[in-house]
Structure formats: C-alpha cells, structure tokens
There are 2 protein chains.
Amino acid sequence: MWLKYIVNTYSFMTEHEMNTEQKILDAAKEVFQQKGMTGARMQEIADKAGINKALLHYYYRTKDKLFEKVFELAFSLFIPKVKEMMISDKPVFEKIEFFVENYLNLLQKHPYIPGFVISELNRNPEILVKIIGKNIQLKENNLLEKLERQISEEVVKGIIKPISAENLLTNVISLCLFPIVAKPILRGVLFENDEKMYEAFLEQRRDFVKEYIINSIKA
Amino acid sequence: MWLKYIVNTYSFMTEHEMNTEQKILDAAKEVFQQKGMTGARMQEIADKAGINKALLHYYYRTKDKLFEKVFELAFSLFIPKVKEMMISDKPVFEKIEFFVENYLNLLQKHPYIPGFVISELNRNPEILVKIIGKNIQLKENNLLEKLERQISEEVVKGIIKPISAENLLTNVISLCLFPIVAKPILRGVLFENDEKMYEAFLEQRRDFVKEYIINSIKA
DNA sequence: ACTATCTTTGACCAGATGGTTAAAACAAAT
DNA sequence: ATTTGTTTTAACCATCTGGTCAAAGATAGT
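Described below are features of the structure shown in this document. None of the values given here were measured: they were computed from a predicted structure.

Reading the values: rules and limits
Every chain begins its residue count from 1, and numbering advances along the sequence as written. Lettering for chains starts from A, numbering for ligands starts from 1, and both go in the order in which the items are written. Where totals are concerned, whole chains, interfaces and linings use all residues; where local detail is concerned, this predicted model gives features only for residues with pLDDT of at least 70, and gives and counts side-chain atom pairs only at 80 or more. Side-chain numbers here rest on the full set of heavy atoms in the structure, without hydrogens or water. Each helix is a run of H or I in the DSSP string that is no shorter than four residues. Each strand is a run of E no shorter than two, and both are numbered from the N terminus. Relative accessible area decides the class of each residue, using a 1.4 Å probe on protein chains only: under 20% of the type maximum gives buried, over 50% gives exposed, and in between gives partly exposed. As used here, the term nonpolar core means buried Ala, Val, Leu, Ile, Met, Phe, Trp, Tyr and Cys residues forming a set that is joined through side-chain atoms within 4.5 Å. We call two residues in contact whenever any of their non-hydrogen atoms come within 4.5 Å of each other. Patch membership is restricted to residues that have no salt bridge and whose relative accessible area is over 30%. Joining uses 9 Å for like charges and 5 Å for the nonpolar side chains Val, Leu, Ile, Met, Phe, Trp and Tyr. Residue burial considers only the protein chains on display, and all accessible areas are found by Shrake-Rupley using a 1.4 Å probe. Basic side-chain nitrogens of Lys or Arg form a salt bridge, by our definition, when they fall within 4 Å of a carboxyl oxygen of Asp or Glu. In this tally, Asp and Glu contribute negative charge and Lys and Arg positive charge; neither His nor the terminal groups of the chain are included. To locate a charge, take NZ of a lysine, CZ of an arginine, CG of an aspartate or CD of a glutamate. Any Phe, Tyr or Trp ring, taking Trp's six-membered ring, that has another such ring centre within 6.5 Å forms a pair; planes under 30 degrees apart are called stacked, those over 60 apart edge-to-face, and the others tilted. Look at NZ for Lys and CZ for Arg. If either is within 6 Å of the ring centre and within 35 degrees of the ring normal, a charge sits over the ring. Once two parts are put together, the accessible area they lose, assessed with a 1.4 Å probe and summed over both, is termed the buried area. Any pair of nitrogen or oxygen atoms within 3.5 Å is treated as a polar contact; in protein, a donor-acceptor pairing is required on top of that, and neighbouring residues in sequence qualify only through side-chain atoms on both sides. When residues are grouped by polarity, Ala, Val, Leu, Ile, Met, Phe, Trp, Tyr, Cys and Pro land in nonpolar, Asp, Glu, Lys and Arg in charged, and all others, Gly among them, in polar.

Description of unusual backbone geometry
All names here are of chain A.
Item 1. Non-glycine residue N193 carries a positive phi angle of around 65°.
Item 2. Residue position: N193 is located in the loop between α12 (183-191) and α13 (195-217).
Item 3. Accessibility expressed as a relative area gives 29% for N193, which makes it partly exposed.

Re the nonpolar core
Item 1. Counting residues in each nonpolar core, the largest one holds 152 residues, and the members touching the most others are F32(A), L66(A), I213(A), F32(B), L66(B) and I213(B).
Item 2. If we ignore the near neighbours within four places in the chain, the residues touching I213(B) are Y212(A), I96(B), V100(B), L168(B), V172(B) and L175(B).

Details of a positive patch on the surface
Item 1. On the surface, K161(A), K218(A), K161(B) and K218(B) cluster together into a positively charged patch.
Item 2. Within the element layout of this structure, K218(B) appears in the segment after α13 (195-217).
Item 3. According to the relative accessible area criterion, K218(B) is partly exposed, its value standing at 40%.

Considering the packing of aromatic side chains
Item 1. Across all of its chains, the model carries 24 aromatic pairs over all chains by this definition.
Item 2. A centroid spacing of 4.4 Å and a plane angle of 25° characterise the contact between F99(B) and Y103(B), whose relative ring orientation is stacked. One end of the pair, F99(B), and the other, Y103(B), are both in helix α7 (residues 92-109), four residues apart, so they sit about a helical turn from each other.
Item 3. Following the ring pairs from residue to residue traces out a cluster consisting of F32(A), F67(A), F71(A), F75(A) and F116(A).
Item 4. Note that R123(A) overlies the ring of F67(A), its terminal NZ or CZ placed 5.8 Å from the centroid.

Observations regarding the interface of chain B and chain A
Item 1. With 53 residues of chain B in contact, the opposing surface of chain A contributes 52 residues.
Item 2. With both sides pooled, the region where chain B packs onto chain A buries about 4600 Å², and carbon together with sulfur makes up 63% of that total.
Item 3. Three residues stand out in chain B for area buried against chain A, namely F178(B), L190(B) and Y212(B), and they jointly supply 13% of the buried area on that side.
Item 4. Taken together, the connections running from chain B to chain A amount to zero salt bridges.
Item 5. If you look at where chain B meets chain A, you find twelve residue pairs in polar contact (both at pLDDT 80 or more).
Item 6. Elements with a contribution of two residues or more to the side of chain B that touches chain A: α2 (20-39), α8 (113-123), α9 (127-132), α11 (165-181), α12 (183-191) and α13 of chain B.
Item 7. For the side of chain B that touches chain A, the leading source of residues is α11(B), giving twelve residues.
Item 8. Taken together, the residues that form the side of chain B that touches chain A break down as 29 nonpolar, 16 polar and eight charged.

Given below as structure tokens:
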C-alpha cells in the first residue's frame with residue numbers, strides 16, 4: 001500500500017523495480033495484444049510478469065477485468081491526438097499535416113494497438129460502450145460540427161473543395177491506419193512479404209499521405 | 001462417398017439437403033468469423049451444423065485443419081476482384097471505378113470477412129504463407145508492373161498525375177476496407193453508434209470514394 | 001515485541017475443451 | 001442375404017484453464 005502510494009505519486013523507480021501492478025499491466029498488454037482476449041492465458045501473463053497466477057488474480061480478480069483495463073489503456077492512447085487536431089484553430093491543411101505526422105509517429109511506437117483494438121472490437125463491440133464515458137465522443141464536444149464549419153469557411157474562401165467532415169476524417173484515418181492494420185496482407189501482396197521493403201514503403205508514405213490528402217481537397 | 005460424388009458433380013440438392021461437409025463449413029465459417037480461431041468451440045460448430053462433435057472431427061481431423069480451410073475460403077473470396085482489375089486493359093479511371101464498385105458490393109455481401117482475415121493474420125501471420133501457393137501473388141504475374149506501366153503511359157498522356165502503383169492500390173483498398181473493418185470505432189466516434197446513420201454513411205461513400213480517388217489523381 | 005494490514009505463494013478444484021474409440025446405422029454391390 | 005465400405009453416434013479421456021483458499025511473508029504503526 002505504502003509502496004504503491006509512493007510509486008504512483010513520485011514515480012522514481014527504475015523499470016526493474018517497478019511495482020507488481022505495472023509489471024502485470026505490461027505483461028498483460030503484451031500477451032493480450034499478441035494472442036487476443038480468448039487466446040491469452042492467465043498463466044502466461046503471470047509468467048511474463050514474473051509472478052504467481054494467484055497474485056495475478058489478487059490484483060485483477062478476473063481475466064475480463066484485466067483485459068478491460070488493458071484494452072482501455074490501449075484505446076485511450078489513440079484518442080487524444082484526434083481531439084487535439086479537431087480542437088485546434090489551425091487551418092485545415094495544417095490540421096491534416098499535424099494529424100498525419102503525429103498519428104504516424106504514434107503508430108510507429110505502438111504498431112500493434114490498432115489491430116488489437118479492431119480485432120477485439122469486432123469480437124465484442126460492447127466493450128466500447130464501457131469506455132465511451134472515459135473517452136469523450138467527438139460529437140459531445142461538437143468537434144465534428146466545428147470541423148464542418150471550418151471546412152465550409154475555407155470552401156467559401158476558395159481554399160479547399162467541399163467535403164464532409166466525416167468523409168475527410170474517415171479518409172485521413174483510413175489512409176494512416178489501414179497499411180499498419182493490414183500489414184501482413186499488403187506486405188504479402190505488394191512486396192512478397194519483404195519486411196524491409198514494406199518498412200520503406202511505410203516510411204515513404206509518411207510524406208505521401210500528407211501531400212495526397214491535401215492535394216485531393218485543394219481547390 | 002457416392003453421395004459426395006453426386007453432390008459435388010451435379011449440385012442438385014437444396015440447401016436443406018446439403019451434405020454434411022458443406023453444413024460443417026457453413027457453421028464453422030459463422031463461428032470462426034464471430035469468435036476467432038481461439039474463441040471458437042468445436043462443440044458450438046457441431047451444434048450449429050446439427051451434427052455430433054465426433055462427426056466434425058471425422059471430416060476435419062483437427063480444429064486447426066478446419067480453421068485453415070475456412071480461412072482460406074474467406075481469404076480467396078477477396079482476391080479475384082483485385083486480380084481482375086489489375087489484369088484488365090481498361091484505362092486507370094475505369095479500373096478504379098470497376099474495382100471500388102465491385103469491392104464495395106463484395107463487402108456488403110461479406111462484411112465480416114476482412115476483419116476476420118486481418119484479426120487472424122495479426123495473431124498468426126504464418127497462415128498466409130500456406131495460402132500463397134493457391135492464390136497467386138500479384139508480383140508473380142507482373143500485375144503490379146503492368147499497372148505501373150499503365151500509370152506511366154497515362155501520366156505521359158497528361159491524363160493522370162504521377163503516383164506509384166503500390167500507393168494507388170493501397171489507397172484504394174484502404175478507403176474501401178477500413179470503414180468496414182473499423183466499423184465499431186468509426187460508428188461510435190462519428191455517429192454515436194447510430195447503426196442506420198453509419199449504413200447511410202457507407203452508402204454515400206460508394207460514389208464518394210470513386211470520385212475522390214479519381215479526382216485525386218486527375219492531372 | 002505485538003498487532004493489523006497488505007502482499008505473495010503453493011496446492012488445489014470444477015468445468016471446459018480438443019480429441020479418441022468402439023460400435024451401431026446406413027447404403028451400395030454381389 | 002451377405003458382404004463391404006462409409007457415415008454417424010454416445011461415451012469417454014487427458015489436459016488445460018480460470019479461479020479459489022488457506023497459510024506464510026512483509027511492512028508499518030503501536
């Protein structure tokens with residue numbers, strides 16, 4: 001209890017001295033992301049965390065609770081950048097540049113999260129409902145309407161072509177995320193599973209996507 | 001044995017008289033797609049097929065073998081249209097129109113397959129290797145080079161702007177597939193989980209995507 | 001030193017799960 | 001009717017899996 005309090009408050013410990021809870025979350029994240037909720041084994045998570053299975057259940061009473069926590073942490077990670085972009089007062093082009101750049105960086109750091117989230121959401125869409133409260137929807141903040149208005153303004157000014165906020169957002173996210181999520185397929189179909197070529201392809205797409213989207217809506 | 005031969009050759013039976021093998025494949029497809037390889041239960045597949053679990057193992061000795069078959073059938077379904085488009089001699093714009101239209105139709109018929117394939121491929125990328133032989137890669141037929149050449153020609157003619165075949169193909173596939181694969185997320189983020197609104201959104205995107213891509217590469 | 005609370009462990013359990021087996025039911029050929 | 005080969009079933013099994021429990025270690029406050 002004391003240990004937990006100190007760690008959570010000052011976080012002065014090194015990675016090797018991490019408290020049990022964090023070790024569990026790290027291990028669970030790894031196992032769940034690789035094998036999915038149904039494929040993951042509590043024993044494997046305990047082993048990877050270097051602890052006993054009973055201790056695992058002591059911290060997170062059930063597999064479901066542990067999974068929910070891991071899923072929520074993973075999901076949350078990818079929301080702020082979307083909001084940040086939508087909220088900012090930059091012109092549309094800069095918003096797109098900002099978003100694509102930052103999202104692709106985030107993806108490079110956590111390449112397995114989107115696939116994990118999509119997989120599990122496909123298996124059980126209701127998980128999302130529980131997280132909705134903690135990760136405010138765009139609509140609630142009128143962020144979509146804001147983007148819509150902004151687009152209209154720039155259309156009137158003759159800067160960009162008309163496009164709905166939903167379509168623009170969907171396009172941007174699709175073009176960023178899909179090549180990561182469907183990596184095994186695209187790598188196989190386009191580059192005969194050559195990992196290095198695919199990495200180069202992704203690297204090349206960083207600038208390509210930015211320019212592609214901006215040009216596509218430029219008036 | 002006799003029954004199988006007759007059915008496979010003449011297929012004169014109605015859906016209710018289907019042979020056991022087909023009933024198994026249908027049931028397995030449903031269960032595997034909804035719960036994934038690790039989440040699926042042989043018992044549930046047997047129940048859904050209206051047969052005994054032992055009979056299930058009689059036809060497909062192991063869960064893995066059954067899964068492989070189902071996965072292969074699902075994956076194969078989405079390859080021909082890509083090939084057909086790449087092989088055809090139509091101009092690029094028509095190719096895109098043809099592909100988007102046909103792919104979105106296919107997706108409407110089988111909306112769960114892409115998510116299923118991506119999920120399982122994420123869990124175990126090696127499955128794809130086994131299927132590669134049966135679903136010829138684009139490279140082997142020089143289909144990518146062919147598209148690349150075609151693009152170059154039309155660029156020279158001043159019809160389209162320069163773009164690599166890989167990038168174009170990736171964009172088209174991403175814009176078609178991602179909104180289906182990530183449906184639970186986008187539906188939540190954009191439309192507060194309103195299913196009807198999302199369906200309308202997808203319907204609207206049928207034409208939108210076609211025009212968007214074509215305009216984006218129009219010289 | 002003693003107590004109270006929190007953390008960790010080894011042993012254990014009930015139910016689920018993939019898979020097997022031996023025998024019965026069936027269908028076709030002779 | 002008998003034989004031969006295929007299809008289907010009920011009963012069974014070894015193993016795995018999420019979860020529990022009682023007891024032992026730690027840790028801090030008195």
